[in-house]
Amino acid sequence: MTGQFQLTEEQRAIQEMAQRFTAEAITPFAAEWDEQHHFPRDVIKRSAELGFGAIYVSEESGGIGLGRLEAALIMEAMAYGCPATSAYISIHNMAAWMIDTFGGAEVTAKYLPDLVTMEKIASYALTEPGSGSDAAALKTSARLDGDHYVLNGTKQFISGGGFNDVYVTMVRTGDDKTRGITCLVIDKDTPGVHFGKPENKLGWNASPTAQVIFEDARVPVQNRVGEEGHGFRFAMMGLDGGRLNIGACSLGGAQRCLDEAVAYTKDRQQFGQPVADFQNTQFMLADMATELEAARALLYLAAAKVTDGAPDKSKFSAMAKRLATDSGSKVVNDALQLFGGYGYLKDYPIERFWRDLRVHSILEGTNQVMRMIVGREMLRQ
């Protein structure tokens, strides 16, 4: 029997499908990908066979047309194996959704079929060296020249930079801070498009990150998504879903570390008994599980609100992202403590999740900005 606060049978089936894929194709290899800084393009492409290349792309456009809760379940399940790979798939989905939702017939027909199958993988390019939290301060310029835009500027911290085929990019076409921003789809091999060297990061080693540099790059006007000046609105709408997904990635990674900690403390003996028999250990595990379930409940609620277009959806997605990413990192940190010195070794998975989840409270909007959004919405009422 399913009640108001339970997953439906269909949602459980989607979750179980993602869990099976993760157990088979991601979890056994994730440590090696991290160690070797390997980008598992083949595995990411395989996920498209399950529809994971177009989770909330409409069925008319070839996607599986699911809601944001279903998407969160998929991201959470895949992050149990590798948060970096799960987040990478989330970014591709945001880009595909943006083209499907706001793009005209021409740009949709040109790009979506290959994105749905992940024949081509998409990046999302908003952040710049001088505009992080203040996203609308972006400077990358797009000057109209006949039937092309001429682009100049640099995008920073772009997942898939130099590896992915397509870049859904926010550019400046006008002086107004927010209404001067336009969305373009840019091919990797466009003349004038260059890439910085892959960044040397603390975590997310299975996910390449680099600058995307435009030097007089000519992009056809037909590659524009929606009308000129509407890009910032698209970006902010996309972030509602992106925040849910990155929160879900924290939930999945934290759940993995909690499960590992339970198994390890039952097995590890000190003072003549399993570490799990000590009341201190049980209290730590209880708090970890409680914090994780609370964050999960809020995130699922926020996902339902975003799917329904509720008026408070942005406030709830910000609350959920903040709580899930902070709680997720705390659970992983506590799991590492329960492993003792062994948790600090790369022989065990905890330290990888500790590194991977750290960035979740920064990207898709820092957790400080999440608090600003929530506070602003509360005072606006």
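Scroll up a little and you will see the structure.
About the thresholds
- Residues numbered from 1 in each chain as written.
- Predicted model: local features only at pLDDT ≥ 70, side-chain atom pairs only at ≥ 80, totals over all residues.
- Heavy atoms only, no water.
- Phe/Tyr/Trp six-rings, centres within 6.5 Å; stacked < 30°, edge-to-face > 60°.
- Buried < 20%, exposed > 50% of the residue type's maximum accessible area, 1.4 Å probe, protein only.
- Lys NZ or Arg CZ within 6 Å of the ring centre and 35° of its normal.
- Core = buried A, V, L, I, M, F, W, Y, C linked by side-chain atoms within 4.5 Å.
- Contact = heavy atoms within 4.5 Å.
- Helix = DSSP H or I, 4+ residues; strand = E, 2+ residues; numbered from the N terminus.
- Pairing = 2+ DSSP bridges.
- Expected span 1.5 Å × (residues − 1).
- 1 Å grid on protein atoms, 1.4 Å probe; cavity = no way out; pocket = protein on both sides within 12 Å on 5 of 7 lines; lining within 4 Å.
- Points joined across faces, edges and corners; volume = space filled by probe spheres on them.
- Nonpolar A, V, L, I, M, F, W, Y, C, P; charged D, E, K, R; others polar.

A.B. asks: Describe the packing of aromatic side chains, naming the residues involved and giving the relevant values.
C.D. replies: Tallied over the entire structure, the rule returns 11 aromatic pairs. When the ring of Phe29 is compared with that of Trp33, the centres are 6.4 Å apart and the planes differ by 25°; the resulting orientation is stacked. You can call Phe29 partly exposed: its relative accessible area is 38%. By relative accessible area, which is 5% here, Trp33 ends up buried. Centroid distance Trp97 to Phe102: 5.4 Å. Interplanar angle 80°. Geometry classified as edge-to-face. The burial state of Trp97 is the same as that of Phe102; both residues are buried. Linked through ring pairs, Tyr264, Phe339, Tyr342 and Tyr348 together constitute an aromatic cluster. Its end group placed over the ring of Phe316, Lys305 keeps NZ or CZ at 4.5 Å from the ring centre.

A.B. asks: For the nonpolar core, give the residues involved together with the corresponding values.
C.D. replies: Counting residues in each nonpolar core, the largest one holds 98 residues, and the members touching the most others are Met98, Tyr124, Met170 and Leu299. Setting aside its immediate chain neighbours within four residues, Tyr124 contacts Ile91, Met94, Met98, Ile158, Val168, Met170 and Ala235. Judged by nonpolar contacts, the second largest core, of 14 residues, contains Ala125, Tyr149, Leu151 and Leu184.

A.B. asks: Run through the pairing of strand E5 (residues 181-187), naming residues and quoting values.
C.D. replies: Looking along a regular strand, one sees side chains alternate from face to face of the sheet. With seven of its seven residues buried, E5 lies for the most part within the structure. A two-sided burial pattern is seen for E5, the buried positions comprising Ile181, Cys183, Val185 and Asp187 on one face and Thr182, Leu184 and Ile186 on the other. Of the strand pairs in this sheet, E5 and strand E8 (residues 224-225) are connected by two bridges, and their pairing is antiparallel. When the sheet's bridge partners are listed, Leu184 is paired in E8 with Arg224.

A.B. asks: Quick one: what's the story with helix H5 (residues 83-102), residue by residue and with numbers?
C.D. replies: Counted at 1.5 Å a residue, the expected span for H5 with its 20 residues is 28 Å, and the 28 Å between its end C-alpha atoms agrees. With respect to burial, H5 is a largely interior element, 19 of its 20 residues being buried.

A.B. asks: I'd love a proper account of the layout of surface pockets, names of residues and values included.
C.D. replies: Reported here for the largest pocket is a volume of approximately 1,300 Å³. As for the largest pocket, its lining consists of 49 residues, and the residues nearest its centre are Thr127, Ile362, Leu363, Glu364 and Gly365. Per-element tally for the lining of the largest pocket: the top contributor is helix H7 (residues 231-267), with seven residues. Considering only residue class, the lining of the largest pocket consists of 23 nonpolar, 11 polar and 15 charged. Roughly 440 Å³ of internal volume is contained in the second largest pocket. Lining the second largest pocket we find Gln4, Phe5, Gln6, Leu7, Thr8, Gln11, Arg12, Leu69, Ala297, Tyr300, Leu301 and Ala304.

A.B. asks: Account for the side chain of Thr85, with residues named and values stated.
C.D. replies: Here Thr85 is to be found in helix H5. Beyond its immediate chain neighbours, meaning those up to four positions away, Thr85 contacts Ile26, Trp33, Pro40, Ile44 and Ala206.

A.B. asks: Which residues make up the pairing of strand E4 (residues 166-172), and what are the values?
C.D. replies: A large share of E4 lies buried, amounting to seven of its seven residues. Where strand E1 (residues 122-125) meets E4, four bridges bridge the pair, whose relative direction is parallel. Paired with Ser123 across the bridge in E4 is Tyr167. Relative to E5, E4 is paired through seven bridges, and the arrangement is antiparallel. Along E5, the bridge assignment pairs Arg172 with Ile181.

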